[in-house]
Every structure is written in structure tokens, then in C-alpha cells.
Amino acid sequence: MGKRVAKEVSIAVADAVAQCKVDVVSAYPITPQTHIVEHLAELVNNGELDAEYMPVESEHAAMSACIGAAATGARTFTSTSSQGLLLMYEMLPIASAFRLPIVMVIANRAISAPISIWNDHSDVMTMRDHGWIQTFAENGQEAVDLVYHAYRVAEKAMLPVAVNLDGFIVTHVVEPVEMLDQELVDKYIPPLRMKYKLDPKKPITMGAIGVPEIYTEAKKAQDEAFKSAYKVVVKAWQDFERISGRRYQPIETYRMEDAEVALVIMGSLAETAMNAVDSLREKGKRVGLVRIRLWRPFPTQDFLKAIAKVKALCVFDRALSFGATGGPVGIEIRSALFQSNKRPKVLNLVGALGGRDVTTEDFEEIFDRTFSFVKAKPRFAYEIIGAKE
């Protein structure tokens, strides 16, 4: 399948992008994603990657260049983080509405103010409704595999894909990673063939004005395509398992077979939470973990199946939704539960903001709180944790 090597995850991600034989890399540096695009620049400069490398003047320009390149049928890549993602904001819904198979890696980082270069999920939560397929990695191997997966999904669904990995916690760590052999990558990600693209020989229009008589229809069609992408995502993971032996699912569980309470989480902290699950299981407590791998389109039925037997959930958010009734993931979970007759109580906690540590012991305390919540009167509670008084 491939050789197992120790690499900084950012470097491994860049190598995976290169293996996908991208045609255009459009990049602007921002901590903590810079190592990804720096290494791609080195590969292009050294002749190891035959691609056009565009060092643009801003993240807005980076996404604009990707849109232009992808519209001509080029395989494209960019990467960003935090304020850089926000600067792309104007272009993100255009990429999805144009049905362009752009792949972007987001090194998740807190957004300002105050200025923070450390990790949480406040950046990516700003784009959850812009029509981008979104996945989350917990470690370096998953980050690499999700890059391969992103290109297969993007080019079959004709929609952009964002791969999320926690800044510094994942991006800057050296881990053992198994890269796929190039022949397997070539088989998994064949050359891009777009039915509709900008071509002087066959002119088409992109970006025309949407008058009221057609705008709703256009958005309805986009929504149907986005919902249909779920099957493409799952099939691409099944195909990936056949060539690599590594299995991914929209919702992944850990020790949930007889769990009474469960923690719902995504990103690198899931691995810390697994240690807490193991520790509490040794003490006879029936706890489990639900990890959201596919954030958009949200896999409602997979999630409901995973939590069908629990009495209470703790949804751990890593971003705030100011003035709302919960964190972004917590609100999503409550909406999903409304479609089911089996509704466990939900404790929605927001924590680990701006890179604050959450330890195994912290998660054990969170599980204990969730057990206590089973007998509490309210069915839902929301709280920001970790703030010092």
C-alpha cells in the first residue's frame, strides 16, 4: 500500500496533495497552515510537482484564483486558517454555487479578537452554510487520507471540499504516516474530466445574474446536489478502504455498544477523550464516544443510529455562537434529535477555546457531569466552561 514514515503532518499533507497531481496551487501564508503551502512551493521549485504555483496577495485572491483555475478544468488546491478563511468569505459560496471541485485544507485556528494563533473551531464554523463538503481529521494519518478522499469526492460530486485539521495540535506534530503508493493514488483519483468548463472552443457562461424568477430554482438545485453528495462521500470512503485497509465513516463511535452516556466531539481532542472513556470503563462506568467525521452534509441518520440507546449526551463545542441557544454543533445535534422519537438529554458545553488544554481528567469530569444530567429536570443545558473567575 505504501511506506510508513515519520513526517510533520503539514509536510505529509502537502505530499498527499502533490500525489494527487494538482495543476494549480494558489496560496497565501498564515499561521498555522504555512508549512503546507511552503512545502508545495518547494516541490514545484524542485521540479517534483508539475503545477502552477501562484503566491497571491491575499486569501481572497487565493480563493479567487482557485475558482478561475477550477472553472477551466484544472485540479486546484489552497490552504488557509482563521482570519485568512474569513478574508476568503466572499468567494466561498461562489465556489460551491459554480459546482467547482476545489480542495482546501483548513488548519483550524481561533479567530480574533483578541489575537490568537492557537486552535479551536471558530474559523470553520463561519462557513458551515456555504455549500462546502467538510470533514474533520483527528491525527496525521487521517489528515493525509482525507486529502486523497477530498479529491475523489470533489470531482465526483462536483462540489468543493474542506478538510479540517487542528492547528499546531495536528499540523506541526511529527507522526508516523503511511502514504499511498503513487499507482494507488492514480487509480483512486483519475484525471479530472469536467463536462462544463470555460473553453474558448465551447463557450459557456458562469456567474450570470440570477433574477428573482430563477434564483430560488438555482439554490434548490444546488441544495439537492449537496444532499446527494452524502452518497458520494460514503462510497469514496468505501473505495478507499478497499485500497488502503483504513476505514472511515460519517459518524464514528468508540465503545458505544452499551453506553448510557456519550460525548459528541470532532477533531484532535477526540483522542484525548478516548483515554477518558477507557479510564472510566475500567471503573465500571458505561460511557462512549461519538466522533463526527463528516460535518457537512450533516449525516443525521448515521448520528441518530449511533446514539439511539444513550440516556444523555454531552456535545462538546469548540466555538461560540453568540447570543444563540447553544454552540454550533450543539444546535445541530438538537435539530437532528427533533427528527427522532428517542431523544436523550443534551448537555452542550463549549470549551478549549483559543487553544486552552482539555485533559483526560477534564473529560472524566465532563462524563461525570453528563451522568448527573441524566437525572436533572431540564432536557437541555448550555454552558461555556474553562473561564477563570
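Everything discussed here concerns the structure shown above.
Residues numbered from 1 in each chain as written. Predicted model: local features only at pLDDT ≥ 70, side-chain atom pairs only at ≥ 80, totals over all residues. Heavy atoms only, no water.

Undergrad: Which parts of the structure should I look at to understand the sheet that holds strand 14 (residues 345-350)?
TA: For sheets, the rule is that strands pair by backbone hydrogen bonds, running either parallel or antiparallel. Pairing is mixed across the open sheet formed by six strands, whose spatial order is 9-11-10-13-14-15. Of all strands in the sheet, those with a lone pairing partner are strand 9 (251-254) and strand 15 (380-384), marking the two edges. Strand after strand, the sheet turns through a mean of 20 degrees between neighbouring axes, direction not considered. Strand direction decides the pairing type here: strand 10 (residues 261-265) and strand 13 (residues 312-317), joined by four bridges, are parallel. Paired with Ala262 across the strands is Leu313, a residue of strand 13. Those strands touched by helix 9 (residues 269-282) are strand 9, strand 10, strand 11 (287-292) and strand 13, and its axis lies near 165 degrees from that of strand 11. Helix-sheet contacts for helix 11 (residues 328-337) involve strand 10, strand 11, strand 13, strand 14 and strand 15, and the interaxial angle to strand 13 is about 145 degrees. (Pairing = 2+ DSSP bridges. Helix = DSSP H or I, 4+ residues; strand = E, 2+ residues; numbered from the N terminus. Axes fitted to C-alpha atoms, helices over the stretch in contact; angles between N-to-C directions. Contact = heavy atoms within 4.5 Å.)

Undergrad: Hey, could you run me through a nonpolar patch on the surface in this one?
TA: There is a patch of nonpolar side chains on the surface, built from Tyr196, Leu198 and Ile204 and spanning about 290 Å² of accessible area. Relative to the helices and strands, Leu198 resides in the loop between helix 7 (182-188) and helix 8 (212-244). (Patch = residues over 30% accessible without salt bridge, like charges linked within 9 Å, V, L, I, M, F, W, Y side chains within 5 Å. Areas by Shrake-Rupley, 256 points an atom, 1.4 Å probe, with all protein chains shown as cover. Salt bridge = Lys/Arg side-chain N within 4 Å of Asp/Glu carboxyl O.)

Undergrad: Looking at this structure, I do not really get the environment of Ala62. What am I missing?
TA: Here Ala62 lies in helix 3 (residues 59-71). Spatially, the C-alpha atoms of Ala62 and Leu87 are 9.8 Å apart, while their sequence positions differ by 25 residues. Apart from the residues within four sequence positions on either side, Ala62 is in contact with Ser26, Ala27, Val56, Thr78 and Met88.

Undergrad: Quick question: what am I supposed to make of the side chain of Ser268 here?
TA: Counting through the fold element by element, Ser268 comes out in the loop between strand 10 and helix 9. Not counting chain neighbours up to four residues away, the residues in contact with Ser268 comprise Ala137, Glu138, Asp166, Ile169 and Val170.

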